[in-house]
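# Survey of secondary and tertiary structure
Here is what each chain is made of, one letter per residue.
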Amino acid sequence: MKYKLKKYFRLCVTAVILAMVVMPTGGCISDGSDCPDVPDDGKTLTMQFTVVTRKLPMIQRDSRAIVVPDDTQLGYTDENYLDLASMRFILFDGGGNMLTTFIPDVVPVAAGDYVKYTVKASIAQSYFIESDEPDIDFYIMVIGNEAAHSPSRLGFVPGMDFQRLFDPTTVGTFGFPLAKANGNNDSWWEPSIDNKQYIPMSGLQHFNISRADLINSTEDIPLNLSVAADGSQDINMLRAVAKIEVIDRIDAMGAGKDTTQPDLADRASIDQVELNGCWSRASILPTLANWSLGETIETQYVTTPSIPSDALYNEPLSFAELYPVGGSEMNTQNSAAIVNFYYDARATAARADGCRVFSAYVIEYDPDALNGMERAWVQVRIKKAGGQAGDEKNPVFEMKLSEYNNGIASNQYVDILRNSIYRYEINRVSTETQLDVRYTVCNWEEESVDIPSFE
């Protein structure tokens, strides 16, 4: 005799984090018939699994696991944090049809780290039906940190399938610019646990478990779903935002710890950075194709941006329109299109060369989805040697969101993808109108690697 997931659920889970027992209303997924009564003998089946906001070091991943890019970047504690009180856990059957939401016990594995979380849920045996199948297939989705960012279309109804949940016309979205804490009047946004400014994240994992292991599980001895040593059975959370870093390596010599750079007062330096051009909303989940690997759908690093149907593009003036040649004064930029960067002390301290970093957290961007509108671009204001920081007369430069060859912008404009860091190193001010720039992209990861230095 075998158990498999029922298509009608009345879920009962103990929620320690909310200090109460939650009894969600049951859903029924059937062919129009009434939901039959489900006998409950009081036995519960307890499952435990792991959620990671950046994966632990690994040696080898199987072919179904999330693929780790060569270039990875260590995430900071504030970038890894999950707000336990607002996390959403959703259960799907093996066909990708939603069964129910649930609220389990969630405990960070290491306090102050917020990289790995242990999750445990006790589910009544009546959620399963007898079957001759040897295994049980199901999915668990986790969504977190979107609550403060004006979420929309984020309803979960039993029977909804993956196609509807991931489709750009129906996917849940959040607003941009990201919401700041009350009283925070900074012109930029950065994640902060203290200020309750969190990065929206999502993750999905497929599980296949045996009947015997399931029915023998108890509250004291739960069935551990995340047993693979390589982490391939963890639920990996991807941040739904990206990060752009602009690094001040102007006049720097050498690489890494051997880098030397003149004092700020004695050289040209970055004074201010801003992005011009952005979408108004972002998808909490990527498109389904981004997480599809064969017949299995799980968290994967995305390869294309996911722009939801309810997003509007805040079109900027071009650099030439904003600063007309020979004009007596500059024009006014579309304020909704501006995203301010900030001096990133943590990213600066993390660099071996100690060069200053200016950062902005942004949402996904597709330069090919603008229908002829002006592409996004980065404005860099440069303080000349001997000049004053913050002087509006400091010259401004256009830095294209593109790949760079030999310090010069190419016509290969870049997609901005979630959970990625786009790094532009400014090595020198070549002329009155041009910056010498080096470009690389890496992913937020637990594994720390050496990012190539650019000479």
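Everything in this summary refers to the structure shown in the same document. Per chain, residue numbering runs from 1 following the sequence as it is written. Since the coordinates come from a predicted model, pLDDT governs what is reported: local features require at least 70, and pairs of side-chain atoms require 80 or more to be given and counted, while whole-chain, interface and lining totals use all residues. Only heavy atoms go into the side-chain values, all of them from the structure, while hydrogens and water stay out.

Our focus in this paragraph is the pattern of salt bridges. Between side chains of opposite charge, pairing is possible as soon as their charged atoms come close. Just to be clear on terms, a salt bridge is a Lys or Arg side-chain nitrogen sitting within 4 Å of an Asp or Glu carboxyl oxygen. For the structure on display, the rule yields 18 salt bridges. In this structure, the salt-bridge partner of aspartate 344 is lysine 243, at a minimum N-O distance of 3.1 Å. One end of the pair, aspartate 344, is in the loop between β27 (342–343) and α5 (345–350); the other, lysine 243, is in strand β19 (residues 242–248), and 101 residues separate them in sequence. Lysine 243 carries the same exposure label as aspartate 344, and that label is buried. Aspartate 248 is the partner of arginine 267 in a salt bridge, and the nearest nitrogen-oxygen pair spans 3.0 Å. Segments assigned H or I by DSSP are reported as helices when at least four residues long, segments assigned E as strands when at least two residues long, and all are numbered from the N terminus. Residue exposure (1.4 Å probe, protein chains only): buried if accessible area is under 20% of the type maximum, exposed if over 50%, otherwise partly exposed.

On to the side chain of glutamate 425. For glutamate 425, the location among the structural elements is in strand β33 (residues 420–429). For glutamate 425, a relative accessible area of 2% translates into the label buried. Polar contact is the term for a pair of N or O atoms within 3.5 Å; when the atoms are in protein, one must be able to donate a hydrogen and the other to accept it, and sequence-neighboring residues count only if both atoms are side-chain atoms. Of the polar contacts made by the side chain of glutamate 425, one reaches the side chain of arginine 351; its length is 2.9 Å.

Turning our attention to the sheet that holds strand β29 (residues 377–383). The four strands lie next to each other as β26-β20-β29-β30, forming an open sheet whose pairing is antiparallel. Lying at the two open borders of the sheet, with one neighbouring strand each, are β26 (338–340) and β30 (396–400). Neighbour-to-neighbour, the strand axes of the sheet open up by a mean angle of 30°, direction not taken into account. The rule for pairing is simple: two strands pair if DSSP sees at least two bridges between them. Relative to β29, strand β20 (residues 269–276) runs antiparallel, the two being bridged by seven bridges. Following the sheet pairing, asparagine 276 is matched in β29 by tryptophan 377. In this analysis an axis means a line fitted to C-alpha atoms, helices contributing only their contacting stretch, and an angle means the value between N-to-C directions, from 0 to 180 degrees.

Within the secondary structure layout, threonine 348 lies in helix α5. Within the local environment of threonine 348, its side chain forms a polar contact with the backbone nitrogen of valine 357, the two atoms lying 3.0 Å apart. The criterion used for residue contact is that any of the two residues' heavy atoms lie within 4.5 Å. Contacts of threonine 348, omitting those with residues within four sequence positions, involve Tyr343, Gly354, Cys355, Arg356 and Val357.

All right, on to the packing of aromatic side chains then. Two rings belonging to Phe, Tyr or Trp (six-membered ring only in the last case) form a pair when the distance between their centres is within 6.5 Å. Interplanar angles under 30 degrees mark stacking, angles over 60 mark edge-to-face geometry, and anything in between is tilted. This structure, assessed with the given rule, holds 18 aromatic pairs. Ring centres of tyrosine 81 and tyrosine 114 lie 4.7 Å apart, and the angle between their planes is 85°; on these two criteria the pair is classed as edge-to-face. Residue tyrosine 81 is located in the loop between α1 (77–80) and β8 (88–93), and its partner tyrosine 114 is located in the loop between β10 (105–108) and β11 (116–124); the two are separated by 33 residues in the primary sequence. Judged by relative accessible area, tyrosine 81 falls into the buried class, the value being 15%. Members of the aromatic cluster, joined through ring pairs, are Phe49, Phe89, Phe102, Phe138 and Phe207. Taking the ring centre of tyrosine 413 as reference, the NZ or CZ of arginine 375 above it sits at 4.0 Å. In this scheme, the term charge over a ring applies when either NZ of a lysine or CZ of an arginine sits within 6 Å of the ring centre and within 35 degrees of the ring normal.

Here the focus is the pairing of strand β15 (residues 201–210). The buried count for β15 comes to eight of 10 residues, which makes it a mostly enclosed element. Inspection of the sheet shows strand β13 (residues 135–144) paired to β15 by 10 bridges, in the antiparallel sense. In the sheet register, isoleucine 140 faces β15, and the bridge partner there is glutamine 205. Here two bridges tie β15 to strand β18 (residues 238–239), and the two strands are oriented antiparallel to one another. Its bridge partner lying in β18, serine 202 is registered against leucine 238.

Once that is clear, we can look at the sheet that holds β8. The strand order β9-β8-β13-β15-β18 describes an open sheet built from five strands, whose pairing is antiparallel. Of all the strands in the sheet, just β9 (98–102) and β18 have a single pairing partner and so form its edges. Relative to β9, β8 runs antiparallel, the two being bridged by four bridges. Each residue of the ladder has a partner; that of leucine 91, found in β9, is threonine 100.

Turning our attention to unusual backbone geometry. Proline 177 follows phenylalanine 176 through a cis peptide bond whose omega is 5°. Among the secondary structure elements, proline 177 is positioned in the loop between β14 (173–175) and β15. The phi torsion at arginine 153 lies on the positive side, around 60°, for a residue other than glycine. Its location among the elements puts arginine 153 in the loop between β13 and α2 (162–166). Despite not being glycine, asparagine 419 shows a phi value in the positive range, around 60°. Following the sequence through the fold, asparagine 419 ends up in the loop between β32 (408–413) and β33.

Let us now look at the environment of proline 104. Tracing the backbone shows proline 104 in the loop between β9 and β10. Spatially, the C-alpha atoms of proline 104 and methionine 47 are 9.7 Å apart, while their sequence positions differ by 57 residues.

Another aspect to go through is the environment of asparagine 216. Position of asparagine 216 relative to the elements: it lies in the loop between α3 (211–215) and β16 (223–224). C-alpha separation for the pair asparagine 216 and threonine 46, spaced 170 residues apart in sequence, amounts to 9.1 Å. Within the local environment of asparagine 216, its side chain forms a polar contact with the backbone oxygen of alanine 212, the two atoms lying 2.9 Å apart.

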